[in-house]
Amino acid sequence: DVFMFDYRGYGKSEGSISSQKQLFQDLQIVYDLMKKRYSEDKIIVLGYSIGSGLAAEIASTNKPKLLILQAPYYSLTDLMRHSYPIIPAFILKYKFKTNEYIKDCTMPIVVFHGNQDEVIYYGSSLKLEKEFKTTDKLITLEGQEHNGMTDNPDYINEIRKILNGDRNTELKNKIIGIWTYSNSENATFRIDNDSIFYVDALESFKYTLNNDTLTIQ
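All of these numbers come straight from a predicted model, not from anything done at the bench.

**Focus: the side chain of Asp117**
In step 1: Position of Asp117 relative to the elements: it lies in the loop between strand 3 (109–114) and helix 5 (123–129).
In step 2: At 15 Å, Lys127 is the nearest oppositely charged side chain to Asp117, a buried residue that forms no salt bridge.
In step 3: At 2.9 Å, the side chain of Asp117 forms a polar contact with the backbone nitrogen of Ile120.
In step 4: Polar side-chain contacts of Asp117 include one of 2.9 Å to the side chain of His146.
In step 5: With residues up to four places along the chain from it excluded, the contact list for Asp117 reads Ala71, Gln144, Glu145 and His146.

Shown next as structure tokens:
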């Protein structure tokens, strides 16, 4: 499932944004709504461009399974100083300190950034990388500009591996659980409509899922 919402005054949302605090409160209301439908270990927060700082903030005050940032800025202050050095940064109403938020993120973080980004300079992610935990990762998209990232074949391949990796771990746990309670040397288990699990006498596990095959020893 994918959930997206419109900020106040954007899309179908009424009203207007009056402060950074109000915006973060709105984000928490939306996140709390998601927690009523899903456990946090099933929630992945993703932010692209200006939304990357907001995504990092909401992840820092909650415990989603994963945080994905696409073309993030180090902070809006840093971006202003880099892109418009003659304009004093103190005039910024919103600071969005992504570099500070990720320090409080306990979940793994994956960052995608094109090294030809003309809007949010690629060096932003290199600076964020210095704040990473051991579980965090920067994926550089060669030749990618700011827009169109989600159509980039390398991005599609990497995001598929990230999401399927979570699914594979979940399925492996299910297989092991089934094997624990099975005394049969050869058995076939059907878990749901798109996953079929096989267990053989050598205790190797094989499943097919969406035309992809993985063997787990």
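**Remarks on the sheet that holds strand 1 (residues 44–48)**
In step 1: Within the open sheet, the 4 strands sit side by side as 1-2-3-4. Their pairing is parallel. One side of each edge strand has no neighbouring strand; the edge strands of this open sheet are strand 1 and strand 4 (137–141). The sheet shows a mean angle of 15° between the axes of neighbouring strands, direction not considered.
In step 2: Pairing between strand 3 and strand 4: 5 bridges, direction parallel. Residue pairing in the sheet places Gly114 in a bridge with Leu141 of strand 4.
In step 3: Sheet strands in contact with helix 2 (residues 51–60) are strand 1 and strand 2 (66–70), and its direction is about 155° off that of strand 1.

**Digging into the packing of aromatic side chains**
In step 1: Counted according to the given criterion, the structure contains 6 aromatic pairs.
In step 2: Taking 5.5 Å as the distance between ring centres and 85° as the angle between the ring planes, the aromatic pair formed by Phe5 and Tyr7 counts as edge-to-face.
In step 3: Taking relative accessible area as the criterion, Tyr7 reaches 25% and is therefore assigned partly exposed.
In step 4: Taken together, the aromatic side chains of Phe24, Tyr94, Phe96 and Tyr101 make up a single cluster linked through ring pairs.
In step 5: Across the ring face of Tyr74, the terminal group of Lys127 is positioned such that the distance to the ring centre comes to 4.7 Å.

**A look at the pairing of strand 1**
In step 1: Side chains Val45 and Gly47 of strand 1 all project onto a buried face; the interleaved residues Ile44, Leu46 and Tyr48 project onto a face where none is buried.
In step 2: As a crossover connection, the stretch from strand 1 through helix 2 into strand 2 is right-handed.

**Considering the environment of His146**
In step 1: Tracing the sequence through the fold places His146 in the loop between strand 4 and helix 6 (153–180).
In step 2: Given a relative accessible area of 5%, His146 falls into the buried group.
In step 3: For the pair His146 and Ser49, spaced 97 residues apart in sequence, the C-alpha to C-alpha distance is 8.1 Å.
In step 4: His146 has contacts with Tyr48, Ser49, Ala71, Asp117, Glu118, Val119 and Ile120, leaving out every residue within four places of it along the chain.
In step 5: Engagement of the side chain of His146 in a polar contact is seen with the side chain of Ser49, the distance being 2.8 Å.

**Notes on the pattern of salt bridges**
In step 1: Using the criterion set out here, one finds 7 salt bridges in the structure.
In step 2: Residues Asp78 and Lys127 are paired through a salt bridge, measuring 2.6 Å at the closest nitrogen-oxygen approach. Remark: Lys127 occurs in helix 5 and Asp78 occurs in helix 3 (residues 76–83); sequence separation between them is 49 residues.
In step 3: Residues joined in a network through salt bridges with shared partners are Glu100, Lys103 and Glu131.

**Structural notes on the pairing of strand 3**
In step 1: Taking burial as the measure, the 6 residues of strand 3 include 6 buried ones, the bulk of the element.
In step 2: Covered by surrounding structure in strand 3 are Ile109, Val111 and His113 together with Val110, Phe112 and Gly114, the residues of both alternating faces.
In step 3: Here 4 bridges tie strand 2 to strand 3, and the two strands are oriented parallel to one another. Bridge assignment links Gln70 to a residue of strand 3, and that residue is Phe112.
In step 4: Running through helix 5, the crossover from strand 3 to the neighbouring parallel element strand 4 is right-handed.

What counts, and at which threshold
- Residues numbered from 1 in each chain as written.
- Predicted model: local features only at pLDDT ≥ 70, side-chain atom pairs only at ≥ 80, totals over all residues.
- Heavy atoms only, no water.
- Helix = DSSP H or I, 4+ residues; strand = E, 2+ residues; numbered from the N terminus.
- Buried < 20%, exposed > 50% of the residue type's maximum accessible area, 1.4 Å probe, protein only.
- Lys, Arg positive; Asp, Glu negative; His and termini not counted.
- Salt bridge = Lys/Arg side-chain N within 4 Å of Asp/Glu carboxyl O.
- Polar contact = N/O pair within 3.5 Å; in protein donor to acceptor, adjacent residues only side chain to side chain.
- Contact = heavy atoms within 4.5 Å.
- Pairing = 2+ DSSP bridges.
- Axes fitted to C-alpha atoms, helices over the stretch in contact; angles between N-to-C directions.
- Phe/Tyr/Trp six-rings, centres within 6.5 Å; stacked < 30°, edge-to-face > 60°.
- Lys NZ or Arg CZ within 6 Å of the ring centre and 35° of its normal.
- Right-handed = clockwise from strand over helix to strand, strands pointing away.

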